[in-house]
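What the coordinates show
Listed below are the residues making up each chain.
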Amino acid sequence: VYIQPHMHVRGKDYELRLTYPTGETQTVFKGEFDFEWQLGYDLKEPLLLPKGTKMTGIAHFDNSVNNAFNPDPKATVHWGWQNWDEMQSVFAGFVIDRSVDPDKVFHASGVSLLPRGKPGPTLEAANAR
């Protein structure tokens with residue numbers, strides 16, 4: 001699995017957690033985020049992800065004056081593609097058997113599909129689904 005976390009200038013840290021069909025969880029990446037240091041990561045060992053495994057990206061942001069990259073600590077910040085907005089996503093690369101139809105393996109899910117509230121999607125909202 002190859003992962004590349006993405007946030008904008010208020011990004012503080014990022015975690016990628018797997019939840020297996022058994023309910024067991026495993027954190028496969030956890031680190032500080034720096035907008036000027038957006039790298040991809042190859043996991044040390046390949047992982048076999050059984051059908052039904054869920055990937056959860058957990059991000060924290062710093063919208064305070066203590067964040068030197070923050071353009072305006074007083075601004076209300078919403079999700080968006082521009083740097084004055086904020087976002088959280090992870091690009092993940094997988095190797096799957098070529099006989100498998102990707103449309104039958106991957107499907108859109110998660111809090112990003114929920115209506116955006118004032119604070120934005122939360123881990124609690126994801127777990128409530």
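Everything numeric in this text was worked out from a predicted model, so none of it was measured. (Residues numbered from 1 in each chain as written. Predicted model: local features only at pLDDT ≥ 70, side-chain atom pairs only at ≥ 80, totals over all residues. Heavy atoms only, no water.)

**Re empty space enclosed by the protein**
Following the criterion strictly, the structure yields one cavity of 30 Å³ or more and no others. Together, Pro5, Tyr14, Phe29, Gly31, Glu32, Phe33, Asp34, Trp37, Gln38, Leu39 and Tyr41 line the largest cavity. A total of three residues in the lining of the largest cavity trace back to one element, the largest contributor, which is strand β3 (residues 25-32). (1 Å grid on protein atoms, 1.4 Å probe; cavity = no way out; pocket = protein on both sides within 12 Å on 5 of 7 lines; lining within 4 Å. Points joined across faces, edges and corners; volume = space filled by probe spheres on them. Helix = DSSP H or I, 4+ residues; strand = E, 2+ residues; numbered from the N terminus.)

**A few points about the environment of Trp84**
Within the secondary structure, Trp84 is located in the loop between β5 (54-61) and β6 (88-93). Spatially, the C-alpha atom of Trp84 lies 7.8 Å from that of Val9, the residues being 75 residues apart in sequence. Filtering out sequence-adjacent residues up to four positions away, Trp84 remains in contact with Arg10 and Val77. (Contact = heavy atoms within 4.5 Å.)

**Structural notes on the pairing of strand β1 (residues 2-7)**
Across the six residues of β1, five count as buried, placing the element largely inside the fold. Both β1 and strand β4 (residues 41-42) contribute to a ladder of two bridges, which runs antiparallel. If you follow Tyr2 over to β4, its bridge partner there is Asp42. Note: β1 against β6, six bridges, orientation antiparallel. Across the sheet, residue Pro5 finds its bridge partner in β6, namely Val90. (Buried < 20%, exposed > 50% of the residue type's maximum accessible area, 1.4 Å probe, protein only. Pairing = 2+ DSSP bridges.)

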